[in-house]
Amino acid sequence: LCWDKRRMDCFVKMLVALMMIQTVNLQKLACALFGEAKIDSNYRRLQRFFSQFRLDYNQVAKMIISLFKLNQGAHYLILDRTNWQWGKRNINILFLCVAYKKIAIPIFWLVLNKKGNSSTRERIALIQRFIDVFGKNNIAGLLGDREFIGKKWFQYLKDSDLSFYFRVKKNADTNNKHGKSIEVGWLFYNLPLQQARLIHGTKRIYGHSLFVTGMRIEDDYLIIVTNKKPEQDEAIKIYAIRWEIETLFGCLKSKGFNFEDTHITHRDRIKKLIALLAISFCWAHLTGQWRHQHQKTIRLKKHGRPQSSLFRYGLDWIMSGLIQRGQKLREIARVFTEMIAKPLLAARREALL
């Protein structure tokens, strides 16, 4: 990350403390920082880190991409937003993630200065940043929920030659085979539950000719539009990858680091806090992946689902080792070196050559 020793020392101590107590509340993190400094001194040090230190988020993104070797081939990108309220302040964050083995890896994020949906300009800023840093060839397609729709937005993606798969509302305007204006949901009104239908040809939706696939789900419809001609239910299967980001949000919040415990409301400081969370998440997930492959396979329950996620599997092992210290701590250091440090150094040497 090319940081000076003092900043790196503070960041590593935060990383370790976060693994141990699993909350982003600075008061509690200050109590868990290892070293001889007093709690008040630790707390002020954390405050200075988030208020004064300037992060290069492109460098953080490159490190995360290298950790998972995501620069080898094209991957689907997922756009989604998470928000909550602290007092009278709205914390509203737009994430751009890479889909990877049933999980979403956070790459870039934007802390919005408002509540509610993101704008076309804000979405374009994230996508363009990914393209500028990693190139368009690493994008297999873009996935998003019903929030991510609009004529100008779709035009940008088409002009950029990017494939997309977005869910639209059932009352979105389109046309039937006679050219009459109807709600897009009417194209699927007689479908049995859980059965997909691909509409022949394209339909005019939000000012663009798009392919439409739909499925009836209980009292609603799952309707996907794309600019790339799909097979029968291909668009729905690709869109289903979007749910991986919900798993990520769970890891960052109640199932992992309790992101919503933060009392930080300043946008720039929240953005730095997410960098800490993103790297912590990657460390825990990769550790769980290593344990599953080299130590003990995660047991499947009777209904066929794993007993634990890779993230939780890794996080629990790291936390246990940090608390026990001694031999466990040496084992964590060895695994970290083999799994993360050596591959990153090799990638850096290759880039320099």
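Because the structure is predicted, anything quoted here is derived from the model rather than measured. (Residues numbered from 1 in each chain as written. Predicted model: local features only at pLDDT ≥ 70, side-chain atom pairs only at ≥ 80, totals over all residues. Heavy atoms only, no water.)

A. Seen up close, the overall build of the protein. Of the regular secondary structure elements, the protein holds 11 helices and 11 strands. Relative to the globule expectation of 20 Å for 353 residues, the C-alpha radius of gyration of the protein, 22 Å, shows essentially globular dimensions. When the 353 residues of the protein are sorted by exposure, 49% land in the buried category. A separation threshold of at least 6 residues defines the contact pool for the protein, and within that pool the share at least 24 residues apart is 60%. (Helix = DSSP H or I, 4+ residues; strand = E, 2+ residues; numbered from the N terminus. Rg over C-alpha atoms; globule rule 2.2 N^0.38 Å. Buried < 20%, exposed > 50% of the residue type's maximum accessible area, 1.4 Å probe, protein only. Contact = heavy atoms within 4.5 Å.)

B. Layout of the environment of Gln-293. Looking at where Gln-293 falls in the secondary structure, it is placed in helix 9 (residues 267–294). Note on Gln-293: relative accessible area 52%, which makes it exposed. C-alpha separation for the pair Gln-293 and Lys-271, spaced 22 residues apart in sequence, amounts to 33 Å.

C. Looking closely at the nonpolar core. Formed by 121 residues in total, the largest nonpolar core has its most connected members in Ile-93, Ile-105, Ile-107, Leu-142, Trp-153 and Phe-281. Each residue touching Leu-142, except ones within four places of it in the same chain, is listed here: Leu-77, Leu-79, Leu-96, Ile-127, Trp-153, Leu-157, Ser-163, Phe-164, Tyr-165 and Phe-166. (Core = buried A, V, L, I, M, F, W, Y, C linked by side-chain atoms within 4.5 Å.)

D. Quick peek at the packing of helix 3 (residues 39–52) against helix 9. At their nearest, the axes of helix 3 and helix 9 sit 8 Å apart, and the two run at 110 degrees to each other. Accordingly, the angle class assigned to the pair helix 3 and helix 9 is roughly perpendicular. Together, Phe-49, Phe-50, Ser-51 and Gln-52 of helix 3 and Arg-269, Lys-272 and Leu-273 of helix 9 make up the contact between the two elements. Grouping the constituent residues of the contact of helix 3 with helix 9 by class yields 3 nonpolar, 2 polar and 2 charged. (Axes fitted to C-alpha atoms, helices over the stretch in contact; angles between N-to-C directions. Parallel < 35°, antiparallel > 145°, perpendicular 65-115°, else oblique. Nonpolar A, V, L, I, M, F, W, Y, C, P; charged D, E, K, R; others polar.)

E. Representation of the pairing of strand 1 (residues 75–86) in the model. Two strands pair when backbone bridges link them, and strand 1 and strand 4 (residues 139–144) are joined in this way by 4 bridges, in the parallel orientation. Paired with Tyr-76 across the bridge in strand 4 is Gly-141. Across 10 bridges, strand 1 lies against strand 2 (residues 89–100) in antiparallel orientation. Counted as the bridge partner of Thr-82 is Ile-93 from strand 2. The antiparallel pairing of strand 1 with strand 2 creates a hairpin that spans 2 residues between the two strands, and Gly-87 there sits at a positive phi of about 65 degrees. (Pairing = 2+ DSSP bridges.)

F. The arrangement of the packing of aromatic side chains in detail. A full pass over the atoms with the stated rule returns 24 aromatic pairs. On the numbers, 5.4 Å between centres and 80 degrees between planes, the contact of Phe-49 with Phe-50 is edge-to-face. Take Phe-50: its relative accessible area is 2%, and that puts it in the buried class. Ring geometry for Trp-84 and Phe-259: centres 4.8 Å apart, planes at 75 degrees, overall edge-to-face. Taken together, the residues span a long stretch of sequence, with Trp-84 in strand 1 and Phe-259 in the loop between helix 8 (244–252) and helix 9 at a distance of 175 residues. (Phe/Tyr/Trp six-rings, centres within 6.5 Å; stacked < 30°, edge-to-face > 60°.)

G. How the structure looks around helix 9. Compared with the 40 Å implied by 1.5 Å per residue over 28 residues, the 40 Å span of helix 9 between its first and last C-alpha is a close match. Buried residues dominate helix 9, accounting for 22 of its 28 residues. (Expected span 1.5 Å × (residues − 1).)

H. The pattern of salt bridges, seen in detail. Per the stated rule, a full pass over the model turns up 12 salt bridges. Ionic pairing is found between Arg-45 and Asp-9, a salt bridge with its closest N-O pair at 2.8 Å. Here Arg-45, found in helix 3, pairs with Asp-9, found in helix 1 (residues 5–21); they are 36 residues apart in sequence, far enough to count as distant. Several salt bridges converge on common partners, so that one network encompasses Asp-9, Lys-13 and Arg-45. (Salt bridge = Lys/Arg side-chain N within 4 Å of Asp/Glu carboxyl O.)

I. Highlighting helix 8. With 7 of 9 residues buried, helix 8 is to be regarded as a mostly interior element. By the burial criterion, the buried members of helix 8 are Glu-244, Ile-245, Leu-248, Phe-249, Gly-250, Cys-251 and Leu-252. Where helix 8 is buried, its residues touch strand 1, strand 2, strand 3 (103–112), helix 9 and helix 10 (310–324).

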